[in-house]
Amino acid sequence: MSLVPIPATMAVKIADRSRQLAREKMKGYGWSNKSIDSVSPMGREGWVGLKTTTDYLIHQETGFKPFLMWWVQDRTLPMGCKKGDGPHFRRGSHVGEPGMVNIPHVGQVWREQRWKHPGLQPKKFLENSIREAVNGMKPEIQARLMEIVIGKTKNDGA
């Protein structure tokens, strides 16, 4: 089996469509316009991709594992509040130790490890957008590649 790289014109078209899909998904997450505008298409012969100028989008894309937030030790931290009456301030201490923690509007809760960030599951919104754009263009890609392989164009009469 021989591999034929996708033509640059089609790669650019797919990259543009994948950017559009990624931006739609990002709007659904409620992210800022700065984040949405930072995604741009990358397409050239045999290659399609998306790039971003904001590092935190890569963390959202790939996710990360839980970790202890050692940096909070002996610091006073503002805690966000969904009810709008925050910020609530907490003193960081006993990082990684088991014990009770005081959560705003919830109260005292037992934790096996205090000040442990739960991590983030990967959203894969960029990867899925590229995959979706490629799948949407499959008939056009296959037709164009058959023209390349057979050596005929639409104007050849066959």
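Residues numbered from 1 in each chain as written. Predicted model: local features only at pLDDT ≥ 70, side-chain atom pairs only at ≥ 80, totals over all residues. Heavy atoms only, no water.

A. Just unusual backbone geometry, in detail. The phi torsion at H105 lies on the positive side, around 65°, for a residue other than glycine. Here H105 shows up in the loop between β6 (99-103) and β7 (107-111). Here the phi dihedral of W115 falls at roughly 55°; this positive angle occurs in a residue that is not glycine. Classification of W115 as buried rests on a relative accessible area of 18%. (Helix = DSSP H or I, 4+ residues; strand = E, 2+ residues; numbered from the N terminus. Buried < 20%, exposed > 50% of the residue type's maximum accessible area, 1.4 Å probe, protein only.)

B. Local environment of the pattern of salt bridges. Within the structure shown, the criterion is met by six salt bridges. The partner of E140 in a salt bridge is K13, and the shortest N-O contact between them spans 3.0 Å. Taken together, the positions of E140 in helix α5 (residues 138-150) and K13 in helix α1 (residues 8-29) put the pair 127 residues apart, joining distant regions of the chain. Taking the relative accessible area as the measure of exposure, E140 reaches 36% and is therefore partly exposed. Among the residues examined, K13 registers a relative accessible area of 41% and is labelled partly exposed. One continuous salt-bridge network, built from bridges that share partners, spans K124, E127 and R131. (Salt bridge = Lys/Arg side-chain N within 4 Å of Asp/Glu carboxyl O.)

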